[in-house]
Amino acid sequence: MTEVRGPFRGGLADRLVPSGLKLGQHVFSAAAGAAFVLLIGLPLGLILVQAFMPALFDPNNGPGSVSLAALANSLSDRRSVAAILHSMLLGGIAASSATILGFAYALVMQRTDVRWRPALALTPWLVFLTPGYLKALAWVLLMAPRGYLAQFGLLPIVVQHAFFGLPGLIFVHTLNLFPLAYFIVAGAMAGLGGEFEEAARVAGASSWQAWIRINMPLLAPAVALAFLAIFAEVVADFGMAATIARTINFGLLTYSIYTATSDFPVDFALAGSQALLLLAMLLVVLAGDRMLRRQRSLRLISGRSRPARPMRLGAARWAVTCVVLLVGILAVYLPLVAITLRAACRTLGQGLVPDNMTWRFLLQAITPDHAANTALLRSLGLAALTALFTGVVALLLAWRIEQASKLLRQVVLLVAVGTIAIPGIVLGLGFILVWDRLPGFRDMPLYGTWPLLVLGYVAAGLPYALVIVLSAIGQISPNLIDAARLHGAGETARLTRIIMPLIALSLITAVLFVFVRTVFELPMSEVLEPADGPPAPTLIVRLFGNDDDGLGSALSLVAILCTAASAGCIALIATRLVRSFGRSGLGAMVGMSRAR
Amino acid sequence: MAPWLACRGLAKRLGGKQVLHGLDLSVEHGEVLSILGPSGSGKTTLIRLIAGLSEPDAGEIAIAGRSIWNANTNVPVEARGVGFVFQDYAVWPHMTVAENVGFGLQMAGMARSDRDRQVREALEAVHIAELARRYPDQLSGGQQQRLALARSLAAKPQLILMDEPLSNVDAALREQLRTEILSAIHAQGTTAIYITHDQSEAMAMCDRLALIHDGRILQTGDPEELYRRPASLFVANFLGGANQIRGTVAVTNGVAEFVAGSCRLRVAGGIAPGPSDCVFRPEDTVPAYNLDCNRLEGSVISATFIGRCWRLSVQVDDRILQVDWPARAKIGEDIAFAVPPDRCVTLVPGPS
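Quick caveat, the model's predicted, so the values are computed rather than measured.

**Re the overall build of chain B**
Consideration 1: Within chain B, the secondary structure is distributed over nine helices and 20 strands.
Consideration 2: Structurally, chain B occupies a C-alpha span of about 75 × 45 × 35 Å along its principal axes.
Consideration 3: Buried residues in chain B amount to 43% of all 352 residues.
Consideration 4: Of all intrachain contacts in chain B linking residues separated by at least 6 positions in sequence, the fraction that spans at least 24 positions is 65%.

**What about the overall build of chain A?**
Consideration 1: Scanning chain A from terminus to terminus reveals 27 helices and zero strands.
Consideration 2: Within chain A, the proportion of its 596 residues that are buried is 45%.
Consideration 3: In chain A, the proportion of contacts linking residues at least 24 apart, taken out of those at least 6 apart, comes to 78%.

**A few points about helix α4 (residues 117-129) of chain A**
All names here are of chain A.
Consideration 1: Taking 1.5 Å per residue as the helical rise, α4 with its 13 residues ought to reach 18 Å, and the 19 Å between its terminal C-alpha atoms agrees with that figure.
Consideration 2: For α4, the full list of buried residues reads Thr123, Pro124 and Val127.
Consideration 3: Next to the buried residues of α4 lie α3 (78-111), α8 (166-192) and α16 (317-343).

**Observations regarding the sheet that holds strand β11 (residues 243-252) of chain B**
Residues and elements named next belong to chain B.
Consideration 1: The strand order across the open sheet formed by five strands is β13-β12-β11-β14-β20, and the pairing between neighbours is antiparallel. Whereas interior strands pair on both sides, the edge strands pair on one side only; in this sheet they are β13 (263-266) and β20 (345-347). Sheet twist, expressed as the average angle between the axes of neighbouring strands with direction ignored, equals 40°.

**Points about the domain arrangement of chain A**
All names here are of chain A.
Consideration 1: The domain architecture assigned to chain A consists of domain 1 (27-64 + 380-596) and domain 2 (77-358).
Consideration 2: At the interface, 31 residues of domain 1 touch 36 residues of domain 2.
Consideration 3: Contributing elements (two or more residues each) for the side of domain 1 that touches domain 2: α1 (12-52), α20 (424-437), α24 (523-527), α25 (536-545) and α26 (549-581).
Consideration 4: Residue classes in the side of domain 1 that touches domain 2 are distributed as 21 nonpolar, six polar and four charged.

**Here we look at the environment of B:Leu25**
Residue and element names in this part refer to chain B.
Consideration 1: Note that Leu25 resides in strand β2 (residues 17-27).
Consideration 2: Judged by local crowding, Leu25 falls into the buried class, with 20 C-beta atoms found within 10 Å.
Consideration 3: Placed 16 residues apart in sequence, Leu25 and Gly9 show a C-alpha to C-alpha distance of 8.8 Å.
Consideration 4: Ignoring any residue separated from it by four or fewer positions in sequence, one finds Leu25 in contact with Cys7, Ala210 and Ile217.

**As for the packing of helix α13 (residues 253-262) of chain A against α20(A)**
Residue and element names in this part refer to chain A.
Consideration 1: Closest axis-to-axis distance for the α13/α20 pair is 10 Å, and the angle between their directions is 20°. Taken together, the axes of α13 and α20 lie roughly parallel to each other. In this structure, α13 meets α20 at a crossing whose hand is left-handed. Contacts from Thr254, Ile257, Tyr258 and Thr261 in α13 reach Ile425, Val426, Leu429 and Ile432 in α20.
Consideration 2: The class makeup of the residues in the contact of α13 with α20 is six nonpolar, two polar and no charged.

**Here we look at the pairing of strand β10 (residues 216-221) of chain B**
Within a regular strand, side chains alternate between the sheet's two faces.
Residues and elements named next belong to chain B.
Consideration 1: Here strand β9 (residues 208-213) runs beside β10; their pairing, made up of five bridges, is antiparallel. Looking at the pairing, His213 lines up with Arg216 of β10.
Consideration 2: Taking the residues that link successive antiparallel strands as the turn, the β9-β10 hairpin has two residues, and the phi of Asp214 there is positive, at about 55°.

**Observations concerning the sheet that holds strand β1 (residues 5-14) of chain B**
All names here are of chain B.
Consideration 1: Taking strand neighbours across the sheet as the criterion, the four strands line up as β2-β1-β4-β5 in an open arrangement whose pairing is antiparallel. The outermost strands of the open sheet, each flanked by one partner alone, are β2 and β5 (66-69). Along the sheet, successive strands turn relative to each other by an average axial angle of 30°, direction set aside.
Consideration 2: Of the pairings in the sheet, the one linking β1 to strand β4 (residues 58-63) comprises five bridges and is antiparallel in character. Paired with Ala11 across the two strands is Ala58, which belongs to β4.
Consideration 3: Taken strand by strand, helix α1 (residues 43-51) contacts β1, β2 and β4, and its axis lies near 115° from that of β1.

**What to know about the packing of helix α9 (residues 195-202) of chain A against helix α10 (residues 207-236) of chain A**
Residue and element names in this part refer to chain A.
Consideration 1: The interhelical angle for the contact between α9 and α10, taken along N-to-C directions, is 155°, at an axis separation of 10 Å. The orientation of α9 with respect to α10, classified from their angle, is roughly antiparallel. The chirality of how α9 crosses α10 is right-handed. Listed contacts from α10 to Phe196, Glu197, Ala200 and Arg201 of α9 are Ala210, Arg213, Ile214, Asn215 and Leu218.
Consideration 2: Here the residues of the contact of α9 with α10 are counted per class, giving five nonpolar, one polar and three charged.

**A closer look at the pairing of strand β17 (residues 310-316) of chain B**
Residue and element names in this part refer to chain B.
Consideration 1: Of the strand pairs in this sheet, strand β16 (residues 295-305) and β17 are connected by six bridges, and their pairing is antiparallel. The partner of Ser299 across the bridge, within β17, is Gln315.
Consideration 2: Adjacent in sequence and paired antiparallel, β16 and β17 are bridged by four residues, among which Gly307 carries a positive phi angle near 110°.
Consideration 3: As defined by bridge partners, β17 adjoins strand β18 (residues 319-325) across seven bridges and the pair is classed as antiparallel. Following the sheet pairing, Val314 is matched in β18 by Leu321.
Consideration 4: In sequence, β17 turns back onto β18 through a hairpin of two residues, with Asp317 there showing a positive phi of about 55°.

**Topic: the nonpolar core**
Consideration 1: Counting 287 residues, the largest nonpolar core has A:Val185, A:Ala226, A:Ile230, A:Val469, A:Leu555 and B:Ala150 as the members making the most contacts within it.
Consideration 2: The dominant element in this core, judged by the number of residues it contributes, is helix α21 (residues 450-474) of chain A, at 19 residues.
Consideration 3: When sequence neighbours within four positions are dropped, the list of residues in contact with A:Leu555 reads A:Ala365, A:Ala372, A:Leu376, A:Ala536, A:Leu539, A:Ile540 and A:Leu543.

**Examining the domain arrangement of chain B**
Residues and elements named next belong to chain B.
Consideration 1: With domains assigned, chain B is organised as domain 1 (5-235) and domain 2 (242-347).
Consideration 2: On a C-alpha basis, the centroid separation for the pair domain 1 and domain 2 is 39 Å.
Consideration 3: Taken together, the four residues of domain 1 in the interface contact five residues of domain 2.
Consideration 4: Looking at side-chain class alone, the side of domain 1 that touches domain 2 contains two nonpolar, one polar and one charged residues.

**Remarks on the confidence of the model for chain B**
Keep in mind that low pLDDT regions are not for reading the predicted coordinates in detail.
Consideration 1: Here chain B averages 89 in pLDDT, and 99% of its residues register 70 or above.
Consideration 2: Predicted complex, confidence summary: ipTM 0.81, pTM 0.81.

**A short note on the environment of B:Gly247**
Residues and elements named next belong to chain B.
Consideration 1: Its place among the elements puts Gly247 in strand β11.
Consideration 2: With 139 residues separating them in the primary sequence, Gly247 and Ala108 have C-alpha atoms 61 Å apart.
Consideration 3: Ignoring any residue separated from it by four or fewer positions in sequence, one finds Gly247 in contact with Phe258, Val259, Ala260, Ser276 and Cys278.

**Regarding α8(A)**
Residues and elements named next belong to chain A.
Consideration 1: With 27 residues, α8 extends 36 Å from end C-alpha to end C-alpha; this agrees with the ideal 39 Å at 1.5 Å per step.
Consideration 2: Of all the bends found along α8, the most pronounced is centred on Leu177 and spans about 40°, while Pro179, a proline, follows it within four residues.
Consideration 3: Within α8, 20 of the 27 residues are buried, which leaves it mostly tucked inside the rest of the structure.
Consideration 4: Backbone geometry just after α8 places Gly193 at a positive phi near 65°.

**With respect to unusual backbone geometry**
All names here are of chain B.
Consideration 1: If you check the backbone angles, Asn294 has positive phi at about 55° while not being a glycine.
Consideration 2: Within the secondary structure, Asn294 sits in the loop between β15 (286-287) and β16.
Consideration 3: Despite not being glycine, Asp317 shows a phi value in the positive range, around 55°.
Consideration 4: Mapping Asp317 onto the fold places it in the loop between β17 and β18.
Consideration 5: Residue Asp317 is classed as partly exposed on the basis of its C-beta count, with 14 C-beta atoms lying within 10 Å.

The rules behind the values
Residues numbered from 1 in each chain as written. Chains lettered and ligands numbered in written order. Predicted model: local features only at pLDDT ≥ 70, side-chain atom pairs only at ≥ 80, totals over all residues. Helix = DSSP H or I, 4+ residues; strand = E, 2+ residues; numbered from the N terminus. Buried ≥ 20, exposed ≤ 12 C-beta atoms within 10 Å, placed from the backbone. Contact = placed C-beta atoms within 7 Å. Expected span 1.5 Å × (residues − 1). Pairing = 2+ DSSP bridges. Axes fitted to C-alpha atoms, helices over the stretch in contact; angles between N-to-C directions. Domains from an automatic or database assignment. Nonpolar A, V, L, I, M, F, W, Y, C, P; charged D, E, K, R; others polar. Parallel < 35°, antiparallel > 145°, perpendicular 65-115°, else oblique. Left-handed = near helix turned anticlockwise from the far one by under 90°. Core = buried A, V, L, I, M, F, W, Y, C linked by C-beta atoms within 7 Å. pLDDT = per-residue confidence, 0-100. Bend = angle between axes of the 7 residues up to and from the residue.

This is the structure we're talking about:
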């Protein structure tokens, strides 16, 4: 007779396990909570407090009393009001145009027999993964009076004038953010399938009527969601505000917050109240988002359905393909080409002639100890550190949350999605307040060092990683984990033997996403720049600002290549490795890789 | 003597609904008990409480005379050593068949050589030894089900809980797997609880049957006993469906007779007179010429061929009764049938 496993293998010891576990759980939960508070809660809290106590961190008059003076000031100061209005105006228009473009892109990709579909489907992802401010800087190279388009005679002077103004900002934002609308609407269209439309056709509606009366109302919530998401992105954006908008003197709220904290005299009270207004704006958007997501029709169309029959474009097939291709060219390929060309040219104005070609900038970017190379290596190193750290924290947090009550999970998910909406510049301001001003924290020698910058990066990247990992864990059948418990697996064994192998690809996706995002993260890099030198994003923007755009382009190009190569290699190795031991259900589980 | 597994007064609320109402259940050592009930009756909740996958609000669970859950004690899942076969199998997709089966043994700290042997034995017991190196997605549904069973048998638990393990398997394979599961469990001498909502499966898979409804055990016993002597209308209806007529039992000269309108049925003795429901099954009816009592007449309103006979819906007075008939009958045809007295079950009417 072989050993029989009964209920009392460990006797008393077994009964002690739960209380021991509970103690560990409490300690862990407390640590996780503390990390969340330190990284996000405290910085945001200080901004809030300071908005109503403007003199809180005033070295001469602080802490002062409660007053609405700062808020009133930011709502009456001419430049501040202009910045608010500009942000809302730009947000409204760019969100509309990007939503329309994204919708059209989704429609063509989902419902027509357009050519080169796989290649065209890749475009939105490339656009999404390349930083907006780099594309903005590239467009400046293209549109400048002696820029590339002018050199090729492709640029009417009217267009050029218009570009350096609101229309140009709208143009660049639209091309940069249409992928968000594309992802959301294409998802909804795929879920919608063809049944509803076919039922309408059977009932006697024409194809056009079916679209207007059936498909459009069903897709409306998704379109509205896309609009809100893009509006939030535009008003929270720092990259365009600090590059293109700054050069044309179009003051935006995010840049206004930045200048209030960096230009002399520093005005934290103004920055704080502006940050609060920005957060309030985003809160309204988030509330709208939540309301929309509760809509019934959105759930109705998320079920499994038969794909719709693609419409035959016939004679227009090539024309449509070319238009869609043109969107991709304008949104990502042309800017990348511009940066590549500029990196290899001595000056912009002398054009693409052999005499003007040089390897100098690219060589500088890869020469050890050159400032550009140092900044690049610094960014790659910090980003790698951030990504690994964020991955571990996100995994442990997600695992803890998953085991907690349903309510807590909902709350944390909501907070995480909410924090994604927090502009980097606001979080950065909060970090300054905590680590440069708050007694107890300011005495720690962290402000102006790279560890603090990493903390800032982690705070900015954690919500994304958390959302990816949580959704991956959420897709594992609870029975798989229960089965492990029933076979005697404790907490650690369940995490390492069951959860981690099952979500490995999602975890790697999260880490890589945070890595790519961090290499090019601008606002945190700007406000928490270490004393021993700037990270790459700061240096790139600075080089472009100082008319050193050749080196700036070379640094951007090398950074893009390094990031793409390292992330690509890891992704390739990871998918090979994971595929070799995990075979079932993983495909579906890995489907979720979008952060929002 | 106290039962080997005893659940006393188990109560559980889930999502604002009282799922279990002070439920009592006992299982003897080595016994296979089927728990049969409609969906939402609390079957799955009950075995999850026994496994430790969720906690009761009140009550007690004891195995072999020792409490594994009460107000003060809670032996955690991983220490209860209970086997569980999930409805969706829950085999780990990232492990091979052998790794799936060996996982629990590894967790228990068993040496490699013993482990390999026990894994092989478990796989042989369910006839999938040759698939040891495959991954679950390379197995058919039936093979995955065998793997799930092997995984829970390998650790040789004293108690195996099975949550509708055959509901995702096609009908032809189900019959075969029933026999295999039962013989594997009996071969190991394990106590088992088998949950299902399928009455024929429940009857095939057990030594004893318990019927659960609305968080309470309504009746337990030998499957035939439950079928022949249902204790309530619900049990009668759920186990195979039955005709029911409401009326009165009168006892004259020691002979009990059930009366409802023109319908008079002699019923088995020992019944108290008074209001009563009379229940009989379609398959117990016979043509009237085969029996000299309990004759009922009516006209056929529908007829369906069900294989070994025809099932007729017959209008008798103001009620429609189901009758099994040896030959085809025309719609509107008048027929006479009878029910043997010992197949007429009378029940004291419930509130409904």
